[in-house]
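Chain by chain, the residues:
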Amino acid sequence: MKPIYLDYNATTPLDPAVVEAMLPFLQKQFGNPSSTHEFGLRAAEAVQLARVQVARLIGASPEEVIFTSGGTEASNHAIKGVVFARLTRGLSGLLSRLFGQRDTHVIISAIEHPATAQPVEYLRRFGCRVSIVPVDRTGLVDPEDVKRAITRDTVLVSIMHSNNEIGTLQPIGEISAITRSRGVLLHTDVAQSLGKVPVDVDELSVDLLTLAGHKLYAPKGVGALYVRKGVTLDNLMHGAGHEQGRRAGTENVPYLIGLGTACDIARDSLPEAMFRLRTLRDRLHQRLREVLGERLVLNGHPEKRLPNTLNVSFLGHVGGELLQRTPGIAASTGSACHEGKVSRSPVLCAMGVPLEVNAGAVRLSVGRFTTEEEIERAAELLLTAVRSPARA
Ligand SMILES: Cc1ncc(COP(=O)(O)O)c(C=O)c1O
């Protein structure tokens, strides 16, 4: 029997309707969207439709959507694009060339995905200064901390919309009110949020936004970056003039069609999906809590959280070991035991979660194809593993 899949935050299976929409573009409709003949025109039309579909899901204009190879590229483009544009252009660029000064400053949170944290680390090499704002025990950023961290050199604040491990949803609207009033750009990563909670670029008032196909029932290796009209970015990929000259490389047509279709499905099913995911997740939580009581600790915000994400610590256990003893479930853990040493989740560390609680954490994330029976069975399997003694 296949394990019960409770790892939708790691990746999602393709929706059958996504596969169906992609198939013609993997077979007969193979044209290059840059070609001016019939084959190319059909491909270009399909890519444009996908752009409209992505834009519609996030409340953007199609011209504000740049297709990428995934969430990692989108965030790299946003972050490096803003910083390099400032380093090389305008008065600050002139001053830095004249005096060798590099006066750029970026602010991120302590629990960003590596797709954000690592490009920012890389930029330190170019003299970019970085501030990392803390999160509280539930994983929330305090907008006042962002406000205090902004200096006259700050060019970008990048705070994820929701966290992949704990699901905590950040107060992006409050943060954008601050960044706007200070003339600082705001980037947010909605890779985990799309299709689970409403996301609208104007309501959030963000300048840049990252999305990833494979968290949304589209393929891996495709994503998009939203760039608000008027925002200046340097390119990440240099080459021919694809994506309005902003991202070189022949379009991955079938994957873009898959992404567009996935966005349409997410848009149509959102209110119902939110309710369904929350019901399944809460049932799983309840089943575990009924038996384990205080020996089960919820990580993340109790309410301001993705409706599909349940990160819980089984006190007295190492999360990774517990999952190894539960082969009937496919789930994730930020903590694992290697050669007798427990490695802990940096996200939970940043939240100040005590070591024992951190070690016992397991991330259970439900999705579109999770059933009620799977939830009941998963609870039973986990409870059986909790009761069975750990291997020496
Ligand atoms: C919050 C978040 N951002 C970015 C990414 C990276 O996206 P991709 O795998 O498409 O590069 C992920 C994927 O794990 C993610 O969870």
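In this text, all values refer to a predicted model and were calculated from it rather than measured experimentally.

Cut-offs applied
Residues numbered from 1 in each chain as written. Predicted model: local features only at pLDDT ≥ 70, side-chain atom pairs only at ≥ 80, totals over all residues. Heavy atoms only, no water. 1 Å grid on protein atoms, 1.4 Å probe; cavity = no way out; pocket = protein on both sides within 12 Å on 5 of 7 lines; lining within 4 Å. Points joined across faces, edges and corners; volume = space filled by probe spheres on them. Helix = DSSP H or I, 4+ residues; strand = E, 2+ residues; numbered from the N terminus. Domains from an automatic or database assignment. Nonpolar A, V, L, I, M, F, W, Y, C, P; charged D, E, K, R; others polar. Axes fitted to C-alpha atoms, helices over the stretch in contact; angles between N-to-C directions. Parallel < 35°, antiparallel > 145°, perpendicular 65-115°, else oblique. Left-handed = near helix turned anticlockwise from the far one by under 90°. Contact = heavy atoms within 4.5 Å. Near = heavy atom within 4 Å. Polar contact = N/O pair within 3.5 Å; in protein donor to acceptor, adjacent residues only side chain to side chain. Areas by Shrake-Rupley, 256 points an atom, 1.4 Å probe, with all protein chains shown as cover. Sits in = over half its atoms within 2 Å of the grid points. Pairing = 2+ DSSP bridges.

Trainee: What should I look at first to understand the layout of surface pockets in this one?
Mentor: Over the atoms rolls a probe the size of a water molecule, and in doing so it shows where empty space is left. In this structure, the largest pocket encloses a volume near 310 Å³. For the largest pocket, the lining is made up of 24 residues, of which Asn 9, His 113, Asn 164, Gln 192 and Lys 215 are closest to its centre. When contributions to the lining of the largest pocket are tallied by element, the ones reaching two or more residues are helix H3 (71-88) and strand E7 (208-212). No other element matches H3, which puts 3 residues into the lining of the largest pocket. Formed jointly, the lining of the largest pocket draws a minimum of three residues from each of two domains, domain 1 (4-10 + 270-386) and domain 2 (16-266). By volume, the second largest pocket is sized at about 230 Å³. For the lining of the second largest pocket, the class distribution of residues is 7 nonpolar, 5 polar and 5 charged. Shared between two domains, the lining of the second largest pocket takes at least three residues from each, and those domains are domain 1 (4-10 + 270-386) and domain 2 (16-266).

Trainee: What should I look at first to understand the packing of helix H1 (residues 16-26) against helix H10 (residues 253-292) in this one?
Mentor: The description of two helices packed together rests on the angle between their axes and the distance between the axes. In contact at an axis separation of 8 Å, H1 and H10 are set at 155 degrees when each is read in the N-to-C sense. By the angle class used here, H1 and H10 are roughly antiparallel. Our pair here, H1 against H10, has a crossing hand that is right-handed. Two secondary-structure elements touch here, H1 through Ala 17, Val 18, Ala 21, Met 22, Phe 25 and Leu 26 and H10 through Val 253, Pro 254, Tyr 255, Ile 257, Gly 258, Thr 261, Ala 262 and Ile 265. Residue composition of the contact of H1 with H10, grouped by class: 12 nonpolar, 2 polar and no charged.

Trainee: How should I be thinking about the site of the ligand in this particular structure?
Mentor: In the vicinity of the ligand, the residues found are Gly 70, Gly 71, Thr 72, His 113, Met 160, Asn 164, Asp 189, Ala 191, Gln 192, Ala 212, His 214 and Lys 215. Here Gln 192 contributes a side-chain N or O atom positioned 2.9 Å from an oxygen atom of the ligand. For the ligand, the accessible surface in isolation is 390 Å², of which the surrounding protein chains cover 85%. One can see that the ligand is located within the largest pocket. Here the shell around the ligand is composed, by residue class, of 3 nonpolar, 7 polar and 2 charged.

Trainee: Looking at this model, I keep getting lost on the sheet that holds strand E9 (residues 296-299). Mind explaining?
Mentor: As a general point, the strands of a sheet are linked pairwise by backbone hydrogen bonds and lie either parallel or antiparallel. The 3 strands lie next to each other as E9-E10-E14, forming an open sheet whose pairing is antiparallel. The sheet terminates laterally at E9 and strand E14 (361-365), the two strands that pair on one side only. Sheet twist, expressed as the mean angle between neighbouring strand axes with direction ignored, is 30 degrees. With 4 bridges joining them, E9 and strand E10 (residues 309-314) adopt antiparallel strand pairing. Paired with Asn 299 across the bridge in E10 is Asn 311.

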